[in-house]
Amino acid sequence: MTAGIVDHESGTRDIRKLGALAKVMPVTAVIGTLAAGAMAGIPPLGGFISKEMMLYEALNVSLFGIDWLVPVVATIAAIFSVAYSLRFAMHLFFGRARDDEAHGKAHDPGVGMLAAPAVLVVLAVLLGLLPMLLAGTIVSAVAGAVIGGPAPLVELSLWHGVNLALGMSVLAIAIGVALLWRHADLLRWYAAKSHADARAMFQRGMKASDIAVRKLIVAIHRPSLQRMLFATFAIVLLMIVDGTGGGAIPLTGPRELLPAPFFAIAAWLLLVAATIAVLVEERQRFRALIYISVIGLVIALAFVYFSAPDLALTQISVEVVTILLLLLALNLLPKLPPLLSSTGLRVRDGVFAALGGLGVGGAAWAMLTRNPNDPISSFHLANSYSGGGGTNVVNVTLVDFRAFDTMGEIIVLGIAGLVIYALLDTTVRGAAGARLRSWQEDMPHSPESHPMMFVMSTRILLPLVLVAGIFIFLRGHNEPGGGFIAGLVVAIAFLLQYLASGYDWTDSRRRIGEHDLIGFGVLIAIFTGLGALAFDANFLSTAFDYFSLPLVGEFELATAMLFDLGVFSVVLGAVLLALAQLSHIAQRAARAHAMQEAEKQEDAS
Amino acid sequence: MISLEFLVASAIGVLVAGGIYLTLRGRTFQVVLGLTLFSYAVNTFLFASGRLVVDRAPIWSKTVTEYADPLPQALVLTAIVITFGMTALAVILTLRSFLETGSDQVDGDPKGKHEDDPS
């Protein structure tokens, strides 16, 4: 701090230009000299006590089996700290002025700058005079915390009697003073010697490690997604093979199997056919999307059949938004890419994919034909109604038993939404913006961009879907439904408005921003969780009770519902943010293109 | 006789095979489609870890004693929603990389550029 003050007032911190500042900066000189004295360990300042203790303990330490090593090193260190502290004080504040310009400008700064070092220096002086009173409790508490046990007895005092540590201290001060006295000669001697340049050594070291790292990266990190993925899949496949004990464990387990009814086989055939169609028609991108949605539908049906109504509802609504998203993106992506992979590569990947499918399918088969090993789920089933206040165990698990997971997941979803916004909002700039502006519509568009029937029916549907969304949200605790599904359903209702009436019409009628929805959702989920702390319960514990109102009858209110509201809000916000932004980008591109066309026509006429 | 377990396990296998094949293609859109197939497979696999149970939805009732395992269902429910977030992010990255480089090659390889590209 003193160095800073001197620099500030004199304009330089080069000690070779400074000197005799005590004449022009008396207060700073007193503070700086006392501080340097404490650093050098001159009695009766506080630094003397700490240095005495350090030297005394150093006497008891043996390193590499050599008893004198640590005490000697400690004494040498003490010599140098005396030397540089004294040089700091003497050459700065005393002696003769070496540079008239710096000396002429310098004067004591205001109280504001002096106060901070002054407080510390006063402490350093008092610590030397009244050590036990000022620092005894702090030192013993810190010492106790460091050794992790009860605080040891600490005796702080200036005079320890004549002992070896005192001798080392005296020696250090004496040699330190001598070094300062012969300082000029020492500097000349040092300058005459050739010495290692630390900066050059550092730069050489950096360069060598840089080259080594580059070589390593080129060796292991091929800049090809395909190669990296291939390696990843291969390792996972090997792990599956390894997990079966190289075939030592029988593939099929003892669990009793369920016979497949006719429609299950039909659905399975549909799924397999759709997957093959995606692979065969991968270049026909719009058709591939239709096949993908068929697969999603079969999965949703499977969830219905296998007693997972919540999953089926979620899957089908996610399916709608995913396909919408892919369609919007495909609008801007090239529709028909040239065939790039060679036949050999495709055969290799095909064989590899078949092996992967066999491996994972085999693992699934091995799992499905064995009985579960004491699942923890029985706890969730037993405590859902009595502890969580809801009969839909899946929903109670989401908002109560495993609410911490859910909280993390909605945060991730919110981040994904915001990243998408950030990626799309900056697309209009630079090379991407130029490509967007020269984008050509390559699909024939309907002459009527907003068909009347579609517009009217979606507007009538909106309030109905909103009511359905609220219904799904409210029943979620006890029947299939809840925040995730309600959020998706409501998002689809709004997306239909964007789809039917266009981005501008819908966006101008929107009152709440998607960013606000995401932020509100995360915050309300966190605060609901924190609310539990006020009642001495764990984070995210829920409470519920039953109330009754005239006409409505008895109903339940649970704090989990507030948490679910957060989930609802984040899902709605993130879905709308992603899709509305994407549709907006496409529209911006189309509009820029239309303007160009109009200009061309004007030029022609 | 074909069992439901066989249908589910083989469907997972088929989806994984399709996912591997498509993600190894060089074009971003195929990779996104492959990711979608993968997420169907993974979600179904995770769900199946609760084993296949018919007509016993985990809606608690005093009179019912046997239920489907609710825990994998809860995990998969959030996984499905996160899958959407992941797919959306992958799609937007795909789109942005195409717009920035004029190529829909996964490694941004200019060899894959389209002829009508302005740059």
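All of these numbers come straight from a predicted model, not from anything done at the bench. (Residues numbered from 1 in each chain as written. Chains lettered and ligands numbered in written order. Predicted model: local features only at pLDDT ≥ 70, side-chain atom pairs only at ≥ 80, totals over all residues. Heavy atoms only, no water.)

(A) Structural context of the overall build of chain B. Check the secondary structure of chain B and you find three helices and zero strands. Listing every helix and strand of chain B by position from the N terminus yields α-α-α. Residue burial in chain B is summarised as follows: out of 119 residues, 67% are buried. Across chain B, the fraction of contacts at a sequence separation of at least 24, relative to all contacts at a separation of at least 6, is 51%. Split by element, the accessible area of chain B, about 4,100 Å² in all, is 61% carbon and sulfur. (Helix = DSSP H or I, 4+ residues; strand = E, 2+ residues; numbered from the N terminus. Buried < 20%, exposed > 50% of the residue type's maximum accessible area, 1.4 Å probe, protein only. Contact = heavy atoms within 4.5 Å. Areas by Shrake-Rupley, 256 points an atom, 1.4 Å probe, with all protein chains shown as cover.)

(B) Structural detail: the overall build of chain A. Helix and strand counts for chain A come out as 24 helices and two strands. The dimensions of chain A, computed from C-alpha atoms along their principal axes, are 100 × 80 × 65 Å. The buried share of chain A, reckoned over its 605 residues, is 41%. For chain A, the exposed area adds up to about 33,000 Å²; of that, 70% sits on carbon and sulfur atoms.

(C) Representation of the domain arrangement of chain A within the structure. Once the domains are mapped, chain A shows domain 1 (2-129 + 161-192), domain 2 (252-339) and domain 3 (381-605). For domain 1 of chain A versus domain 3 of chain A, the distance between C-alpha centres works out to 65 Å. (Domains from an automatic or database assignment.)

(D) The interface of chain B and chain A, seen in detail. Contact with chain B, which involves 89 residues of that partner, is made by 114 residues of chain A. Taken over both partners, the interface formed by chain B and chain A buries close to 9,200 Å², and the fraction arising from carbon and sulfur atoms is 77%. At the boundary of chain B and chain A, one finds one salt bridge. The residue Arg25 of chain B makes a salt bridge to Asp349 of chain A at a minimum N-O spacing of 2.2 Å. (Buried area = accessible area lost by both parts, 1.4 Å probe. Salt bridge = Lys/Arg side-chain N within 4 Å of Asp/Glu carboxyl O.)

(E) Quick peek at the layout of surface pockets. In this structure, the second largest pocket encloses a volume near 690 Å³. Those elements that place two or more of their residues in the lining of the second largest pocket are helix H11 (225-243) and helix H15 (343-368) of chain A together with helix H1 (4-23), helix H2 (28-48) and helix H3 (70-101) of chain B. Ranked by residue count, the leading element in the lining of the second largest pocket is H2 of chain B, at nine residues. Here the lining of the second largest pocket is built from residues that sort into 21 nonpolar, nine polar and one charged. (1 Å grid on protein atoms, 1.4 Å probe; cavity = no way out; pocket = protein on both sides within 12 Å on 5 of 7 lines; lining within 4 Å. Points joined across faces, edges and corners; volume = space filled by probe spheres on them. Nonpolar A, V, L, I, M, F, W, Y, C, P; charged D, E, K, R; others polar.)

(F) Spotlight on the packing of helix H16 (residues 377-388) of chain A against helix H17 (residues 393-401) of chain A. Residue and element names in this part refer to chain A. The geometry of H16 relative to H17 is characterised by a closest axis approach of 10 Å and an angle of 75° between their N-to-C directions. By the angle between their directions, the pair H16 and H17 is classed as roughly perpendicular. Each of Phe379, His380, Leu381, Asn383, Ser384, Gly387 and Gly388 in H16 lies in contact with H17, whose residues at this interface are Val393, Val396, Thr397, Asp400 and Phe401. Classifying every residue of the contact of H16 with H17 by side-chain character gives five nonpolar, six polar and one charged. (Axes fitted to C-alpha atoms, helices over the stretch in contact; angles between N-to-C directions. Parallel < 35°, antiparallel > 145°, perpendicular 65-115°, else oblique.)

(G) A look at the pattern of salt bridges. Residues and elements named next belong to chain A. Counted according to the given criterion, the structure contains nine salt bridges over all chains. Residue Arg402 is joined to Asp405 by a salt bridge in which the shortest nitrogen-to-oxygen separation is 3.1 Å. Residue classification places Arg402 among the partly exposed residues on the basis of a relative accessible area of 30%. The partner of Arg510 in a salt bridge is Glu514, and the shortest N-O contact between them spans 2.6 Å. Classification of Glu514 as buried rests on a relative accessible area of 7%.

(H) Fine view of the side chain of Ser377 of chain A. Mapped onto the elements of the fold, Ser377 of chain A is located in helix H16. Its relative accessible area of 4% is what places Ser377 of chain A among the buried residues. Excluding anything up to four places from it in sequence, Ser377 of chain A contacts Asp69, Pro70 and Leu71 of chain B.

(I) Summary view of unusual backbone geometry. All names here are of chain B. Look at Arg51: it is not a glycine, yet its phi comes out positive at around 65°. If you trace the backbone, Arg51 turns up in the loop between H2 and H3. Since its relative accessible area comes to 11%, Arg51 is described here as buried. Here the phi dihedral of Asp55 falls at roughly 65°; this positive angle occurs in a residue that is not glycine. The residue Asp55 is located in the loop between H2 and H3 in this model.

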